[in-house]
Structures are given as structure tokens and as C-alpha cells.
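# A structural walkthrough
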Amino acid sequence: MAVTSPIALQPFAHPALFYQSEQHYLQSLLDFVTDAVAAAEPVLIALPQPNLALVRDALGPLAARLTMADMTTVGRNPGFILGGVLSAFADQYPNQAVRMIGEPVWPTRTDGEYAACVQHEALINKAFAGRDVTVLCPYDATRLHPETLKDARATHPELWSDQSAPQISSTFAPDAAWARYNEPLSTSSTAVTRTVRELDDLHVVRAAAAGFGRWFRLAPDRLDDLVFITNELATSSLHRTGGPCRLSFWHHDGLFTVESRDFVRIDDLLAGRRSYLRDTDDGRGLLAVNAIADLVRIHTVPGQTTVHAHLRAS
């Protein structure tokens, strides 16, 4: 299969690979990588295990010349993939063409993680528009739900399969896909709630977060993470809105949730999804939250934004 498409949105390209077998998967990815290496283009490969090990073995000595990452670790929170993995890599090479492989979706993703994955895929198109960047996203066409492949067609302008040539996606509509998963987020009836109106109030919510975590005997390192996430969510909200911001905390089945709720829509959907040096102050706070939390979900509409940061107890 050709890896350079005449229908790509040049210079940016964002194809989805619908692979049908292990052989199809490996051949497509190896062709993509070897073409990039021949053109002296930097390559990032971010795949879930065991796919990462499979590709690494197939590449042999060439793997040592590439940047490789386990998506089950760096992408456990899909909200971190764009800013902390893809953009962080691409921004190291501002004057070069960059080629990346990112596989964010696998069958055991939770519903919340999957929704965040679709929004991530939709925002890739906005983040790299006009840049000489190609992001190839493999999808297991034999194991993923048909609705997942439908969403992939909506978030990718170009589709690769086992056919001889790439195809234009006739249902490409990334903004609509993002909006479809901009879902309301429910607050727990057992939540502990505090409100901050200015930066001088931050000590109140930090203390509330620490007390809440200690009540549930959260390990010291996870307790620090909970307090940090709380502080950054509140700070980001206050910087963006001028206040007030309501912070809530609850625990269910080993998962701690920090919610921030304010009264302004987020207009910059890439806040927290750019590399650190390229983002705004409140965006850097969201990027830090994305890096630490196990899942971040955002619901933003005119007059209100709700952020949920989920943290596993261990």
C-alpha cells in the first residue's frame, strides 16, 4: 500500500489505518516508517502493548533510531496524548517534516476513555493544521465496534485499508465528532464541595482535597497528586474566568474524582493539549492535570464548564 497519498490535506495528513490482520498491521506500519527514515524524517511510534513489542521486533535494529512509547502508559489519559506526546515530539523539529504513529483506541478502553479518544482524534486536525506533520492512527477493524470505526471516519480525512489506494472519508466532520462527545458530567450526591473566588482562596480547596484523601487513606504520593490536581484545576479556572469556581471531591470503587465547575465556556479547545512551551498559563495547568490524572473529561457550553479529573487510588 502506498503511504504517500495524493489526496492528503497537505502539508498535514491524518489517515486512519483500518487493519484486518497482524500481517496487514505490520506491513503498513513498516512501510510508513521506512519511507520516513529514507526521507530523514523524525519518527514517533506510540502504540499499546502488545502491539508496541510486535512492531519493535519487526523493525529490528531500526527501532533504536526511532522514538517509541507505550500508549497504555503515556496515553492512559487520552487528554494527554496530543499535548504531552504528539505535540511534544513534533515541536522538537519545527523546521522538519515529522511522521508519527499513534494508536489511541483498543477494545478494553472504558466508555469515558473512549469518548476522550474521539475528541483527541478530532482535535489533532486543529492542532497540526498547516504543519508538515503526518499522524497515522491504526484501528483494529476486526475487534473494534462498528461505531468506533464510524467515529474514526468522522475524525480522519483519509482512510487506509487493504485496498491499493487511500480513500477520502466522505463523512469527515471532526467538529461534529468532538461535539457529540461533549457530554454533560454528573456530580456525585456524596461530593464534598468548596468554592474559590480568587487565588488567595486556593489554600481552602487544597486543604479540603488533602483532608478528603486522608479520610480514604490515600497513599502519600497519590495524595500529593490529588492536591496538585485540585490546585491546578482551580488556578486554571480562576485565570480563565476571574472566578468563582466550585471544586468537588468524591470517591467510588477506588477512583477519586476532582470536579471544577465555573460559569464560562472554554473557547480554546486546545488549552492543555499543546506542548508546554506553546500553551497559555491556564493551558499549562490543564496539561499538568492531563499528565497526572488517569482520565480527564471536559464538558463546556455557553455559560458553564465542568472538568472531571479521575485518579486511581493505586
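Notes on the structure in this doc start here.

Calculation notes
- Residues numbered from 1 in each chain as written.
- Predicted model: local features only at pLDDT ≥ 70, side-chain atom pairs only at ≥ 80, totals over all residues.
- Heavy atoms only, no water.
- Core = buried A, V, L, I, M, F, W, Y, C linked by side-chain atoms within 4.5 Å.
- Buried < 20%, exposed > 50% of the residue type's maximum accessible area, 1.4 Å probe, protein only.
- Helix = DSSP H or I, 4+ residues; strand = E, 2+ residues; numbered from the N terminus.
- Contact = heavy atoms within 4.5 Å.
- Axes fitted to C-alpha atoms, helices over the stretch in contact; angles between N-to-C directions.
- Parallel < 35°, antiparallel > 145°, perpendicular 65-115°, else oblique.
- Left-handed = near helix turned anticlockwise from the far one by under 90°.
- Phe/Tyr/Trp six-rings, centres within 6.5 Å; stacked < 30°, edge-to-face > 60°.
- 1 Å grid on protein atoms, 1.4 Å probe; cavity = no way out; pocket = protein on both sides within 12 Å on 5 of 7 lines; lining within 4 Å.
- Points joined across faces, edges and corners; volume = space filled by probe spheres on them.
- Nonpolar A, V, L, I, M, F, W, Y, C, P; charged D, E, K, R; others polar.

## Let's talk about the nonpolar core
Core analysis: the biggest nonpolar cluster contains 40 residues, and Leu-86, Met-100, Phe-128, Val-133, Val-135 and Tyr-139 have the highest contact counts within it. Contributions of two or more residues to this core are made by strand S1 (15-19), strand S2 (43-47), helix H4 (78-90), strand S4 (98-102), helix H5 (111-127), strand S5 (133-140), helix H6 (146-155) and helix H7 (174-180). Non-local contacts of Val-133, meaning those with residues more than four positions away in its chain, are made with Pro-11, Phe-12, Ala-13, Ala-90, Val-98, Arg-99, Met-100 and Phe-128. If you look at the next biggest cluster of nonpolar residues, it comprises 29 residues, including Leu-223, Val-258, Val-289 and Leu-311.

## Topic: the packing of H4 against helix H10 (residues 281-292)
H10 packs onto H4 with a crossing angle of 120 degrees between their chain directions and a minimal axis gap of 8 Å. With respect to their mutual orientation, H4 and H10 come out oblique. Once H4 is placed against H10, the crossing between them reads as left-handed. Taken together, the residues of H10 that come into contact with H4 (itself represented by Gly-79, Phe-80, Gly-83 and Gly-84) are Leu-287, Asn-290 and Ala-291.

## Details of the packing of aromatic side chains
The full count for this structure, using the stated rule, is ten aromatic pairs. Relative to Tyr-25, the ring of Tyr-19 has its centre 4.3 Å away and its plane inclined at 55 degrees; by these criteria the two rings are tilted. Comparing Tyr-19 with Tyr-25, the two get one shared label, buried. An aromatic cluster is defined as three or more aromatic residues linked by ring pairs; in this entry it consists of Phe-212, Phe-216, Phe-249 and Phe-256.

## Concerning empty space enclosed by the protein
Per the counting criterion, the structure on display carries three cavities of 30 Å³ or more. Put simply, the largest cavity is a space of about 200 Å³. Trp-178, Leu-269, Ala-271, Arg-273 and Ile-298 are, among the 16 residues lining the largest cavity, the residues nearest its centre. Among the secondary structure elements, those contributing two or more residues to the lining of the largest cavity are H10 and strand S11 (295-301). If one sorts the elements of the lining of the largest cavity by residue count, S11 sits on top with four residues. Its volume calculated, the second largest cavity comes out at about 70 Å³. Every residue lining the second largest cavity is listed: Leu-233, Ser-236, Ser-237, Arg-240, Ser-260, Asp-262, Ile-266, Asp-282, Leu-286 and Val-307. Put simply, the parts of the chain that give the lining of the second largest cavity at least two residues each are helix H9 (220-241), strand S10 (255-262) and H10. For the lining of the second largest cavity, the element with the highest residue contribution is H9, accounting for four residues. Split into classes, the residues belonging to the lining of the second largest cavity amount to four nonpolar, three polar and three charged.

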